[in-house]
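Residue-level structure breakdown
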Amino acid sequence: MKYKVFYYCNFLLVFRTLKLRKNLIKWVKYKELWQRGSRFIRVTPRSGLCHLAALKGGLRFQVSAALKEGHVTPTELCQRCLSLIKSTKFLNAYITVAEETALKQAEESEKRYRRGQPLGVLDGIPIAVKDNFNTAGIETTCASNMLKGYISPYNATVVQKLLDQGAVLLGKTNLDEFAMGSGSTDGVFGPVRNPWSYSRQYKEKSVPKSCSEDEESNWVITGGSSGGSAAAVSSFTCFAALGSDTGGSTRNPAAHCGVVGLKPTYGLISRHGLIPLVNSMDVPGILTRCVDDAAVVLGSLAGHDPKDSTTIQDNFKPFELPNLTDVSKLSIGIPKEYHAPGLSSEILALWSKAADLFKNAGAKVVEVSLPHTRYSIVCYHVLCTAEVASNMARFDGLEYGHRSDMNKSTESMYAATRREGFNEVVRGRILSGNYFLLKQNYENYFIKAQKVRRLIANDFVKVFGSGVDILLTPTTLSDALPYMEFIKEDNRTRSAQDDVLTQAANMAGLPAINVPTGLSERGLPVGLQFIGRSFQEKQLLTVAKWFEKQVKFPMIQLEVKRHYHGAFQHQKSAFFS
């Protein structure tokens, strides 16, 4: 028997196989929604994929409502997402799948719904977490040999907050080792494949290949370092995912995978339990399929945490995004320095069209200058490597993580442990950072970089002080590159190129969001970035939501075929009592 399988643009809502007799009323409702013009995306059926129907709306208005009304149970939702994870295993999006734990959490959620006492909007919603957040009872590896087998005794604050809201944790997603990279290609578990590599849109635009090997090698990267989380959301295996953002690691893969990627203001969300890369810039990021859902997740995570002294002291009040109809009072800034070398003509044209869209809608669109932006990428890498060198010092093989068998001396054990545990990228950044922190170099590199960072932050203060509400910029220089082309350049070179448009917001501590905007000539997603004032997430997300509605980004038409033979066999299932 053949089944029609539909994916809806915002979120995947999964149901049992429809049996005409028992579910006639529901089927009529779905038919009516179709006739009213709900945008469903047809996907090639495959054995093992869920038979599903996705309804209009996001977490707050559709999925949570469907759970409350009993149209679907948390257990059904969880089972179908787990089934999709298995069907899309070739994407290598997940490192660990906590199947038994997730099903138990779903069962508990189901009991709460039966009692009419759900914990919140996220109760019963399947989510994924990047594998550099500590999770009690589930392995946390940072995609590194150094932490293989490490199980944290506690949850990161953001993970605990999601669980306290009843969210169902499906597993841990893939990344660049210790989040050092911009392609999600340098982790010990292998690269993450962009779901759009297997979309109808990309295949119709890509050049036909003469053999299956050539077709298989044509897949494109997800961006990074939160590529696993972005791929998980893009491929419908979860409803939302956590990433981390140090220099663009949430927004970059969001742009390449056609999803929303939010980097909140520094200090709005706790970093406790996020294995640090750069303490002064790290921020937990949020990946969802629409802006409204990013606001829902943000509302659950934001606020003071006594375990993180950098978080805001004031209580955070969750908000519901209004439907903006009048943008005439908005002032949109277009930073001229973001017309960076290497910016593709496609993205430049899309950027210009977006500016015209605001202008034609009545908003004030002005060109602004952030003069120190040209120094930002060099400044970022000096500060980044310096803090990396400090943070990586804790991995010495004594307390946790990998420990070498070398036993000639303590010093030789240290050296062997770090040589075996870290890849070349991590060792290279440690080496660079220690060089910048040497006594004879400290003033000339680290202190100067800190001073330049202040100038960069002041540029943003001046622009926003001039009356500009939101800055509109590209997120990436181009669409996603094929993997074989991406790895021709080393990690350091790629990171310098890919972070150039995103890292300034991290150094200034400002909120920024990627909104998927259109498809390139190759049929791949392209996104634009909105940067807002500190702690003005509501305004930023409201404008992003308005823009999202105007551009009507086309949804992925994912085609899963049997010949993608278990490309990566490392993926683990975690079972806990």
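Calculation notes
- Residues numbered from 1 in each chain as written.
- Predicted model: local features only at pLDDT ≥ 70, side-chain atom pairs only at ≥ 80, totals over all residues.
- Heavy atoms only, no water.
- Helix = DSSP H or I, 4+ residues; strand = E, 2+ residues; numbered from the N terminus.
- Buried < 20%, exposed > 50% of the residue type's maximum accessible area, 1.4 Å probe, protein only.
- Contact = heavy atoms within 4.5 Å.
- Areas by Shrake-Rupley, 256 points an atom, 1.4 Å probe, with all protein chains shown as cover.
- Pairing = 2+ DSSP bridges.
- Phe/Tyr/Trp six-rings, centres within 6.5 Å; stacked < 30°, edge-to-face > 60°.
- Axes fitted to C-alpha atoms, helices over the stretch in contact; angles between N-to-C directions.
- Parallel < 35°, antiparallel > 145°, perpendicular 65-115°, else oblique.
- Nonpolar A, V, L, I, M, F, W, Y, C, P; charged D, E, K, R; others polar.
- Polar contact = N/O pair within 3.5 Å; in protein donor to acceptor, adjacent residues only side chain to side chain.
- Core = buried A, V, L, I, M, F, W, Y, C linked by side-chain atoms within 4.5 Å.
- pLDDT = per-residue confidence, 0-100.
- Expected span 1.5 Å × (residues − 1).
- Salt bridge = Lys/Arg side-chain N within 4 Å of Asp/Glu carboxyl O.

1. So, the overall build of the protein chain
- Counting its secondary structure elements, the protein chain contains 19 helices and 14 strands.
- A total of 577 residues make up the protein chain; the buried ones form 60% of that total.
- The contacts in the protein chain between residues at least 6 apart in sequence include a share of 81% that link residues at least 24 apart.
- For the protein chain, the computed accessible surface area is about 23500 Å², with 51% contributed by carbon and sulfur atoms.

2. Focus: unusual backbone geometry
- Cis rather than trans, the peptide bond between G224 and S225 has omega equal to 10 degrees.
- Relative to the helices and strands, S225 is located in the loop between α7 (212-216) and α8 (227-234).

3. Details of the pairing of strand β11 (residues 470-474)
- Within β11, 5 of the 5 residues are buried, which leaves the element mostly enclosed by the surrounding structure.
- Sheet topology places strand β9 (residues 331-335) next to β11; 2 bridges connect them, and they run parallel. Across the sheet, the residue bridging to I332 is I470, located in β11.
- Of the strand pairs in this sheet, β11 and strand β13 (residues 525-531) are connected by 4 bridges, and their pairing is antiparallel.

4. Details of the packing of aromatic side chains
- This structure, assessed with the given rule, holds 17 aromatic pairs.
- On the basis of an interplanar angle of 70 degrees and a centroid distance of 5.8 Å, the ring pair of F178 and F422 is categorised as edge-to-face. Here F178, found in the loop between β5 (168-173) and α6 (200-205), pairs with F422, found in the loop between α13 (410-421) and α14 (424-436); they are 244 residues apart in sequence, far enough to count as distant. Each member of the pair, F178 together with F422, is buried.
- Here the aromatic residues Y150, F178, F395, Y400 and F422 are joined through ring pairs into a cluster of three or more.

5. With respect to the packing of helix α11 (residues 345-360) against helix α19 (residues 537-551)
- The N-to-C vectors of α11 and α19 enclose an angle of 105 degrees; their axes lie 12 Å apart at closest approach. As the angle between them shows, α11 and α19 are arranged roughly perpendicular. Across the interface between the two elements, A354, L357 and F358 of α11 pack against V543, W546, F547, Q550 and V551 of α19.
- Taken together, the residues of the contact of α11 with α19 sort by class into 7 nonpolar, 1 polar and no charged.

6. Focus: the environment of S432
- Its location among the elements puts S432 in helix α14.
- With 46 residues separating them in the primary sequence, S432 and A386 have C-alpha atoms 7.3 Å apart.

7. Remarks on the pairing of strand β12 (residues 512-519)
- Of all 8 residues making up β12, 7 are buried, and the element is well covered by its neighbours.
- Bridge count for strand β7 (residues 260-263) against β12 is 3 bridges, and the pairing is antiparallel. Paired with L262 across the strands is I513, a residue of β12.
- Taken together, the 7 bridges between β12 and β13 define a ladder with antiparallel strand orientation. Each bridged residue has a counterpart across the sheet, and for A512 the counterpart in β13 is I531.
- Where β12 folds back on β13, the antiparallel hairpin that results is connected by 5 residues, among which G523 adopts a positive phi of roughly 80 degrees.

8. Here's the deal with the side chain of R271
- Inspection of the secondary structure assignment puts R271 in the loop between β7 and β8 (283-288).
- The exposure class of R271 is buried, given its relative accessible area of 14%.
- Here the side chain of R271 touches T310 through a polar contact of 3.4 Å, side chain to side chain.
- Residues contacting R271, with those up to four places away along its chain left out, are Y266, N279, D282, P284, D308 and T310.

9. As for the nonpolar core
- Residues F178, F460, I513 and F530 are the most contacted members of the largest nonpolar core, which totals 137 residues.
- In this structure, F178 is in contact with C142, S144, M146, L147, I275, L277, M392, F395, F422 and V426, ignoring residues within four places of it in sequence.
- Counting 20 residues, the second largest nonpolar core, distinct from the first, contains A480, L481, F486 and I556.

10. Some remarks on α8
- Counted residue by residue, α8 has 8 buried out of 8 residues, so it is predominantly covered.
- Within α8, the full set of buried residues consists of G227, G228, S229, A230, A231, A232, V233 and S234.
- Those residues of α8 that are buried lie in contact with β3 (94-97), β4 (126-130), β5, β6 (240-245), α9 (251-257) and β8.
- Immediately downstream of α8, the backbone of F236 shows phi near 70 degrees, a positive value.

11. Observations regarding the environment of T157
- Tracing the backbone through its elements, the reader meets T157 in helix α5 (residues 157-164).
- In sequence terms T157 and L301 are 144 residues apart; their C-alpha atoms lie 8.4 Å from each other.
- T157 has contacts with S270, H272 and D305, leaving out every residue within four places of it along the chain.

12. Things to note about the confidence of the model for the protein chain
- Averaged over every residue, the pLDDT of the protein chain is 88; the share at 70 or more is 85%.
- Contacts for the low-pLDDT stretch residues 1-57, under 50 throughout, to residues beyond four places or in other chains number 125 contacts.
- Low confidence marks residues 562-569, where pLDDT is under 50. Its contacts with residues over four positions away, or in another chain, come to 16 contacts.

13. Some points on the environment of D479
- Positionally, D479 belongs in the loop between β11 and α16 (483-486).
- Taking the relative accessible area as the measure of exposure, D479 reaches 9% and is therefore buried.
- For the pair D479 and R522, spaced 43 residues apart in the sequence, the C-alpha separation amounts to 8.6 Å.
- Leaving out residues up to four positions away in the same chain, D479 has contacts with H256, E346, I347, S520, R522, L524, P525 and V526.
- Within the local environment of D479, its side chain forms a polar contact with the side chain of S520, the two groups lying 2.6 Å apart.

14. Remarks on α13
- Along its 12 residues, α13 runs 16 Å from first to last C-alpha, staying within 8% of the 16 Å computed at 1.5 Å per residue.
- The complete set of buried residues in α13 reads M413, A416, T417, R418 and G421.
- Where the residues of α13 are buried, they touch α14.

15. Some details on the side chain of S244
- Within the secondary structure layout, S244 lies in strand β6.
- Here N132 takes part through its side chain, which lies 3.1 Å from a polar atom of the side chain of S244.
- Apart from the residues lying within four places of it in its own chain, the contact partners of S244 are K130, N132, F133, A179, S226, S249, T250, L274, V283, P284 and G285.

16. Describing the pattern of salt bridges
- For the coordinates displayed, the defined rule picks out 13 salt bridges.
- Here E100 ties to K104 by a salt bridge, and the two come within 3.6 Å at their closest N and O atoms. Of the two residues, E100 and K104 are both situated in helix α4 (residues 99-115); the distance of 4 residues between them amounts to about one turn of the helix.
- Here E100 falls in the partly exposed class, since its relative accessible area comes to 28%.

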